[in-house]
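Observations on the three-dimensional arrangement
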Amino acid sequence: MTVQTPQRYNEYQQAIGPALPDWQTRPYPSGISLQGQYCRLEHIDVERHGRQLYQAYAQAPDGRDWTYMISGPFPDEASYLQHAQRLQASQDPLHYAVIDQASGQALGTLSLMRIDPVQGGIEVGHIAFSPLLKRTRIATEAHYLLMRHVFDDLGYRRYEWKCDSLNAPSRQAAQRLGFQFEGIFRQAVVYRGRSRDTAWFSIIDGEWPALRVAFERWLDASNFDAEGRQRQPLGKLTA
């Protein structure tokens, strides 16, 4: 789905990038709520979301969901609420709670981070989805809502996904969502007392219109049978 543009040359016949004569610094995300069919995203608030999030994460039988995160797991509610206060206070990363539209419960979080309004680049990260959120329409729609906000509302030109190169589920999720693999940054991060090679993925603005259509087709109720099983997988639509 990579967009090809004609090669440009300067007066010395050196190859140069596409012209952007009208480019302007983009707005900084404000954390406004984003409404979908199955969920909404709200700027995380400890009072409204903290206990619900802890209870959702507590559904996991062990701590494996936190292996590739810089935080967690949390042994008790108090420790998670302290963590949630830090998330609420942060502006970069800017953290959102994912709210199930049907139940009104917060089931996970994700964030916009490494926000660069001048260059128009932004990353989705700190994705912490509880067992109640994983592999659901809500989880996919949460990503769609954030992408749509970044490209359509804010006008950014690059949307990034980065993860530990050994985190196979995260790499698979990025590709299912339409991100293009860009390569491995070796020994890029030290965390949890170990070295991390980082896998980089991205979506650029020229790819977004086709991906938007793919997401909307997948999220449409007609794509699911009476038991809620998908008729067409998202990965096929975004490939």
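The coordinates are above.
Calculation rules
Residues numbered from 1 in each chain as written. Predicted model: local features only at pLDDT ≥ 70, side-chain atom pairs only at ≥ 80, totals over all residues. Heavy atoms only, no water. 1 Å grid on protein atoms, 1.4 Å probe; cavity = no way out; pocket = protein on both sides within 12 Å on 5 of 7 lines; lining within 4 Å. Points joined across faces, edges and corners; volume = space filled by probe spheres on them. Helix = DSSP H or I, 4+ residues; strand = E, 2+ residues; numbered from the N terminus. Nonpolar A, V, L, I, M, F, W, Y, C, P; charged D, E, K, R; others polar. Salt bridge = Lys/Arg side-chain N within 4 Å of Asp/Glu carboxyl O. Buried < 20%, exposed > 50% of the residue type's maximum accessible area, 1.4 Å probe, protein only. Core = buried A, V, L, I, M, F, W, Y, C linked by side-chain atoms within 4.5 Å. Contact = heavy atoms within 4.5 Å. Phe/Tyr/Trp six-rings, centres within 6.5 Å; stacked < 30°, edge-to-face > 60°. Pairing = 2+ DSSP bridges.

1. A short note on the layout of surface pockets
In this structure, the largest pocket occupies an estimated 1500 Å³ of space. Considering the residues around the largest pocket, the lining is formed by 47 residues, among which Ile-127, Trp-161, Pro-169, Ser-170 and Ala-173 are closest to the centre. Secondary structure elements with two or more residues in the lining of the largest pocket: strand S6 (106-116), strand S7 (121-129), helix H3 (137-153), strand S8 (158-164), helix H4 (168-176), strand S9 (180-191) and strand S10 (194-204). Counting residues per element, the lining of the largest pocket draws most heavily on S7, which supplies seven residues. Here the residues of the lining of the largest pocket are counted per class, giving 23 nonpolar, 13 polar and eleven charged. Forming the boundary of the second largest pocket are 15 residues, of which Leu-20, Arg-157, Ile-204, Asp-205 and Gly-206 lie nearest the centre. For the lining of the second largest pocket, the secondary structure elements donating two or more residues are S6 and S8. Of the residues contributing to the lining of the second largest pocket, the split by class is four nonpolar, five polar and six charged.

2. Quick word on the pattern of salt bridges
Counted under the stated rule, the structure contains 14 salt bridges. We note a salt bridge from Arg-51 to Glu-77, for which the minimum N-O separation is 3.1 Å. Of this pair, Arg-51 sits in helix H1 (residues 46-57) while Glu-77 sits in helix H2 (residues 77-89); the two residues are 26 residues apart in sequence, bridging distant segments of the chain. Asp-62 serves as the salt-bridge partner of Arg-64, at 2.9 Å between the closest nitrogen and oxygen. Here Arg-64 falls in the exposed class, since its relative accessible area comes to 61%. Asp-62 gets classed as partly exposed once you look at its relative accessible area, which sits at 34%. Overlapping salt bridges bring together Arg-114, Glu-123, Arg-158, Glu-160, Lys-162 and Glu-182 as one network.

3. What about the nonpolar core?
One finds Leu-41, Val-98, Leu-146, Tyr-159 and Phe-179 to be the most contacted residues of the largest nonpolar core, which totals 45 residues. Ranked by residues supplied to this core, first place goes to H3 with nine residues. Those residues in contact with Tyr-159 that sit more than four places away from it in its chain are Leu-112, Ile-122, Val-124, Leu-146, Met-147, Val-150, Phe-151, Phe-179, Phe-201, Ser-202 and Ile-203.

4. Examining the packing of aromatic side chains
Applying the stated criterion across every chain, the model contains 13 aromatic pairs. With 5.5 Å between their ring centres and 20 degrees between their planes, Phe-151 and Trp-208 make a pair best called stacked. One end of the pair, Phe-151, is in helix H3; the other, Trp-208, is in helix H5 (residues 208-219), with 57 residues separating them in the sequence. Look at Phe-151 and you get buried, because its relative accessible area is 8%.

5. Some details on the environment of Thr-25
Its location among the elements puts Thr-25 in the loop between strand S2 (15-16) and strand S3 (34-35). Taking the C-alpha atoms as reference points, Thr-25 and Gly-120, 95 residues apart in sequence, are found 7.1 Å from one another. When residues no more than four places from it in sequence are discounted, the contact partners of Thr-25 are Pro-117 and Val-118.

6. Re the pairing of S6
Successive side chains on a regular strand alternate, one facing one side of the sheet and the next facing the other. A large share of S6 lies buried, amounting to nine of its eleven residues. Here strand S5 (residues 94-100) pairs with S6 via six bridges, running antiparallel. Residue pairing in the sheet places Ile-99 in a bridge with Ala-106 of S6. The antiparallel pairing of S6 with S7 creates a hairpin that spans four residues between the two strands, and Gly-120 there sits at a positive phi of about 75 degrees.

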